[in-house]
Amino acid sequence: TYHLGNEKIRHKSAPLIRLIKQNINNAVAVFVPFWRYRCVKNSRSTDEDRLIIGEYCTSLELKLKTIVHVISPYGIDNCDAHFCPVNLVMGSMLRAAEKSHSPILLATATFPEDAAAAPPDFIRLPLTRSTATEYTNTTKALPVIQEMFDGLQNSGMQYDYVIYTNVDIILHEDFYNIVRDQIRAGYDNFQFNRQTVTGGNINSKGDPYTVQDLDEIFSSQEMLLHHGTDCFVIEKSILKKVDMGNIFIGTLGFANMLLLQTSYFAKQPRKFGTFETNATYHFGNDQIWREDESLLRLLELNMNNVVDL
């Protein structure tokens, strides 16, 4: 047989590349259940054959753990024209997914007015409940985190682990490989504490950071540790048991409750300190909520939601 040329035009076509990624996910969706069935059946004629297929299945099971990473990029319209950390965050997710040794599903849980902000590579999970719909004394729309988890579990997506990070958390390019290393180590629920990037959001050229500056962020020597929790990796069976009630994100309260519940249901939990993995980053530690009266009122409401649980 013959073929004219070998140009591989798909390498230059962004739509085709996105379709390739989707088709790889389709292939994984078919391949994983088939091999899990073969591995469970484990019918071979000799003990040696059973040993070989058993070792292969053990290795395969670790490699084929499907991970979905969800964030909630709410309030996109408030982004500064010159610097939008949400775009930087989603850009870091796309870069880390490209560097991942195995496919990663990326998802955004958004209100209708924010849905268009997510790149086409992200799966959309719609949100309807927020502080603006649940309370009469605020117009700030902070998402209810349980609706995000419910939407994920009702989406039909096939996954083994869920990653949730705050919308302002930037990922190192090896983030998903670091996550898989901890899954292989046996942890079914773990968290990464972020590194705080000091010096504001301006790069070495005096311009606001963009996705093109990720390498500069990764190599920065001006990092501070952070004790709070804003990156969660949760095994699917654990997430099914989590009940966050009416707790919403965007203020204090939700992270400690999520940490408490997931750690309680986990068989082997772990919390990694800031400089143990160097996996995530955040600009500054301004805690602007301390100076925002509306956020302080919402904080009080969220603490009441925590007490209710």
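Residues numbered from 1 in each chain as written. Predicted model: local features only at pLDDT ≥ 70, side-chain atom pairs only at ≥ 80, totals over all residues. Heavy atoms only, no water.

Examining the packing of helix 3 (residues 85-99) against helix 6 (residues 175-184)
Working step 1: Between helix 3 and helix 6, the least distance of the axes is 7 Å, while the angle of their chain directions is 60°. If you check the angle between helix 3 and helix 6, you find them oblique. For the pair helix 3 and helix 6, the contacting residues are Met 93, Ala 96, Ala 97 and Lys 99 in the first and Phe 175, Tyr 176 and Asn 177 in the second.
Working step 2: Of the residues that constitute the contact of helix 3 with helix 6, the class distribution is five nonpolar, one polar and one charged. (Axes fitted to C-alpha atoms, helices over the stretch in contact; angles between N-to-C directions. Helix = DSSP H or I, 4+ residues; strand = E, 2+ residues; numbered from the N terminus. Parallel < 35°, antiparallel > 145°, perpendicular 65-115°, else oblique. Contact = heavy atoms within 4.5 Å. Nonpolar A, V, L, I, M, F, W, Y, C, P; charged D, E, K, R; others polar.)

Some words on the side chain of His 282
Working step 1: Turning to its location among the elements, His 282 is positioned in strand 11 (residues 280-283).
Working step 2: Reaching out from His 282, the side chain makes a polar contact with the side chain of Asp 168 at a distance of 2.9 Å.
Working step 3: Each residue touching His 282, except ones within four places of it in the same chain, is listed here: Asp 168, Ile 169, Arg 194, Gln 195, Thr 196 and Val 197. (Polar contact = N/O pair within 3.5 Å; in protein donor to acceptor, adjacent residues only side chain to side chain.)

A short note on the nonpolar core
Working step 1: Grouped together as the largest cluster of nonpolar side chains are 40 residues, with contacts concentrated most on Phe 175, Tyr 176, Val 179, Phe 192 and Ile 217.
Working step 2: A total of seven residues in this core trace back to one element, the largest contributor, which is helix 3.
Working step 3: Residues contacting Phe 192, with those up to four places away along its chain left out, are Phe 175, Ile 178, Val 179, Gln 182, Asp 230, Cys 231, Phe 272, Thr 277, Ala 279 and Thr 280.
Working step 4: Of all hydrophobic cores here, the second largest spans 31 residues; its members include Ala 109, Met 148, Ile 238 and Ile 247. (Core = buried A, V, L, I, M, F, W, Y, C linked by side-chain atoms within 4.5 Å. Buried < 20%, exposed > 50% of the residue type's maximum accessible area, 1.4 Å probe, protein only.)

Some details on the pattern of salt bridges
Working step 1: The tally for this structure, following the rule as stated, stands at six salt bridges.
Working step 2: Here Asp 215 makes a salt bridge to Arg 95, at a shortest N to O gap of 2.6 Å. Here Asp 215, found in helix 7 (residues 214-218), pairs with Arg 95, found in helix 3; they are 120 residues apart in sequence, far enough to count as distant.
Working step 3: Two residues, Asp 181 and Arg 184, come together in a salt bridge whose shortest N-O distance is 3.5 Å. Of this pair, Asp 181 and Arg 184 both sit in helix 6, three residues apart, roughly one helical turn.
Working step 4: Several salt bridges converge on common partners, so that one network encompasses Arg 95, Glu 173 and Asp 215. (Salt bridge = Lys/Arg side-chain N within 4 Å of Asp/Glu carboxyl O.)

Looking at the sheet that holds strand 1 (residues 67-71)
Working step 1: The seven strands lie next to each other as 3-2-1-4-9-6-10, forming an open sheet whose pairing is mixed. The sheet is open, and its two edges are formed by strand 3 (123-126) and strand 10 (269-272), each paired on a single side. Across the sheet, the mean angle from the axis of one strand to that of its neighbour is 20°, orientation sign disregarded.
Working step 2: Bridge count between strand 2 (residues 104-110) and strand 3: four bridges; the pairing is parallel. Looking across to strand 3, one finds that Thr 108 is bridged to Arg 124.
Working step 3: The strands that helix 6 touches are strand 1, strand 2, strand 4 (161-165), strand 6 (189-192), strand 9 (231-235) and strand 10; relative to strand 6, the one it contacts most, it runs at about 145°. (Pairing = 2+ DSSP bridges.)

Side note on a nonpolar patch on the surface
Working step 1: Residues Ile 9, Leu 16 and Leu 19 make up a contiguous nonpolar surface patch of about 290 Å² in total accessible area.
Working step 2: Inspection of the secondary structure puts Leu 19 in helix 1 (residues 14-41).
Working step 3: On the basis of relative accessible area, Leu 19 is assigned to the exposed category, the value being 57%. (Patch = residues over 30% accessible without salt bridge, like charges linked within 9 Å, V, L, I, M, F, W, Y side chains within 5 Å. Areas by Shrake-Rupley, 256 points an atom, 1.4 Å probe, with all protein chains shown as cover.)

Interpretation note: all reported values are geometric properties and have no functional meaning in isolation.
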